[in-house]
Amino acid sequence: MYSYKLFSKVSQIDTQWDSLAGSTIFLSRKYLQVLENSSPTNMSCYFLGIYNNQELEAIFILQILDVQKLESFGDRDKCFRASVRKFFFQHFCSHVLFVGNNMLTGENFGAFKVQSNNNRVLQYLNSILGDIRNDLKKQGIRVHITTIKDFSEDFKSQINNTIFTNYYPFTIQPNMLFTISDTWKTENDYINALQKKYRDQYKRARKKSEGVLKKRFSLKDISQYNDTIYNLYHYVAQNAPFNTFFLAKNHFIELKEKLEDDFCFYGYFVEEKLVGFNTLIKNGNTMETYFLGYNEAFQKEKMLYLNMLYDMIGYSIHKHFKHIVFGRTALEIKSSVGAKPQTMYGFIKHQYKIMNWCLPYLFKRLEPEVLWKERNPFKE
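Reading the values: the criteria
- Residues numbered from 1 in each chain as written.
- Predicted model: local features only at pLDDT ≥ 70, side-chain atom pairs only at ≥ 80, totals over all residues.
- Heavy atoms only, no water.
- Helix = DSSP H or I, 4+ residues; strand = E, 2+ residues; numbered from the N terminus.
- Buried < 20%, exposed > 50% of the residue type's maximum accessible area, 1.4 Å probe, protein only.
- pLDDT = per-residue confidence, 0-100.
- Contact = heavy atoms within 4.5 Å.
- Salt bridge = Lys/Arg side-chain N within 4 Å of Asp/Glu carboxyl O.
- Pairing = 2+ DSSP bridges.
- Axes fitted to C-alpha atoms, helices over the stretch in contact; angles between N-to-C directions.
- Expected span 1.5 Å × (residues − 1).

K.L.:
Please clarify how unusual backbone geometry should be interpreted in this entry.
P.N.:
Glycine aside, negative phi is the norm for most residues, and most peptide bonds take the trans geometry. That bond from Lys-149 to Asp-150 is cis: its omega, -20°, falls within 30 degrees of zero. Structurally, the position occupied by Asp-150 is in strand S6 (residues 145-151). Despite not being glycine, Glu-271 shows a phi value in the positive range, around 50°. Summarising the element assignment, Glu-271 is placed in the loop between strand S10 (263-270) and strand S11 (273-283). Note on Glu-271: relative accessible area 76%, which makes it exposed. Here Ala-330, not a glycine, exhibits a phi torsion of approximately 45°, which is positive. By relative accessible area, which is 36% here, Ala-330 ends up partly exposed.

Here it is, written out as structure tokens:
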């Protein structure tokens, strides 16, 4: 017999939680503590445990997004589509319930006990989401949209088609996944595997980066430069085509405090001035790229972003990781260094029936259009 508990604090979570999370750091209690202490101002995080005869069977992250509190949806695009999207979200989607982590790309929505009947658990999950929405309504939070994200193609193929029949299945921009060859032991092995055109791109980027000093930050360094770090991050986030949240100012401090060596922060300096940074999170045998920031003038002059990608690849090869998750932005440049698009799936439902009927039409027109060409930088 299934039952559930919804937690708002990590201290309330069962001690069995981490055993189900396994090697997925984004479901671990220490990462959930980061969410509790430094979630975006327009986001509330909850942690859902599903029990089978009082034994923990599955765990999920739930997030409530309050669109009304969002300072901006991203200012890069000024087109009519962007204006319509902003109007739609403000008037018809003021509260969005995510099953999964809207701050990440990848299959981090939840985890199941070994030998669990995943379809039965998902069926139960779907049945209790209405109860959760009703409880939130009593707290003054009226959920307009429910979204379940992200599923890989393999996992989606295992889901019973009858579970989410009242949801609209969707895909958005792909997750860019970089696979590290077993034959690469150093960054030079990666460079030698590139076609001449892309080796030249590597050499050109590295030459441009002369005069840039890269430094790995301690917790003390992150705290010292925190205001500059946030300004660099905020510039990049503000100029994205679409945003649903902005990080809290203490987010990177919390990550370093809780994840310690599993969280890597690198600052980039020009003449002792911090002009950019990138972050990485170790997630089992996968390296996850996290948020970054830069000064646009130095980004152009020093090819800062491309050099960050090469640095991430070199570090991950050196540390014997199997994959790098590059996320779903800047698709073409990530493709040019060797990342491949990985389709991710989700389900979405609006609480108003007429809006739900319109979702297939609306979704395709509200999603930012990204035109890009996939590259194949490696030798055949």
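Additional details are given in the paragraphs that follow.
K.L.:
I would appreciate a short explanation of the confidence of the model for the chain in the present structure.
P.N.:
Detailed conclusions should not be drawn from predicted coordinates in areas where pLDDT is low. Overall, the prediction assigns the chain a mean pLDDT of 91, with 92% of residues at 70 or greater. Here residues 73-77 is a poorly scored stretch, pLDDT under 50, and it has 19 contacts once near neighbours within four places are set aside; other chains count.

K.L.:
How do you make sense of the pattern of salt bridges when you look at a structure like this?
P.N.:
Taken as a whole and assessed by the stated rule, the structure comprises 14 salt bridges. Residues Lys-214 and Asp-311 are paired through a salt bridge, measuring 3.8 Å at the closest nitrogen-oxygen approach. Placement of the pair is Lys-214 in strand S9 (residues 212-216) and Asp-311 in helix H12 (residues 304-318), with a sequence separation of 97 residues. When its relative accessible area of 13% is taken as the criterion, Asp-311 is described as buried. When salt bridges with common partners are traced through the structure, they connect Glu-187, Arg-206, Lys-214 and Asp-311 into a single cluster.

K.L.:
What's the story with the sheet that holds strand S14 (residues 340-342) in this structure? I'm lost.
P.N.:
The pairing of strands in a sheet comes from backbone hydrogen bonds and takes either a parallel or an antiparallel form. In spatial order, the strands read S9-S10-S11-S12-S13-S8-S14; together these seven strands make up an open sheet with mixed pairing. Each edge of the open sheet is held by one strand with a lone partner, namely S9 and S14. Neighbour-to-neighbour, the strand axes of this sheet turn through a mean angle of 30°, independent of strand direction. Examined bridge by bridge, strand S8 (residues 175-179) and strand S13 (residues 323-327) share four bridges and lie antiparallel to one another. Paired with Met-176 across the strands is Gly-327, a residue of S13. This element, helix H9 (residues 226-238), spans S10, S11 and strand S12 (286-294) of the sheet and lies at about 95° to S12.

K.L.:
Would you explain the pairing of strand S7 (residues 168-171) in this entry?
P.N.:
Within a regular strand, side chains alternate between the sheet's two faces. Where burial is concerned, the two faces of S7 differ: the one with Tyr-168 and Phe-170 is buried and the one with Pro-169 and Thr-171 is not. Pairing analysis gives four bridges linking S7 to strand S15 (residues 345-350), with the strands arranged antiparallel. Bridged to Phe-170 within S15 is Gly-346.

K.L.:
Before we go on, may I ask you to explain H12 in this structure?
P.N.:
The terminal C-alpha atoms of H12 lie 21 Å apart, and with 15 residues this matches the ideal 21 Å at 1.5 Å per residue to within 8%. Within H12, 14 of the 15 residues are buried, which leaves the element mostly enclosed by the surrounding structure. Looking one or two residues past H12, His-320 carries a phi angle of roughly 65°, positive in sign.

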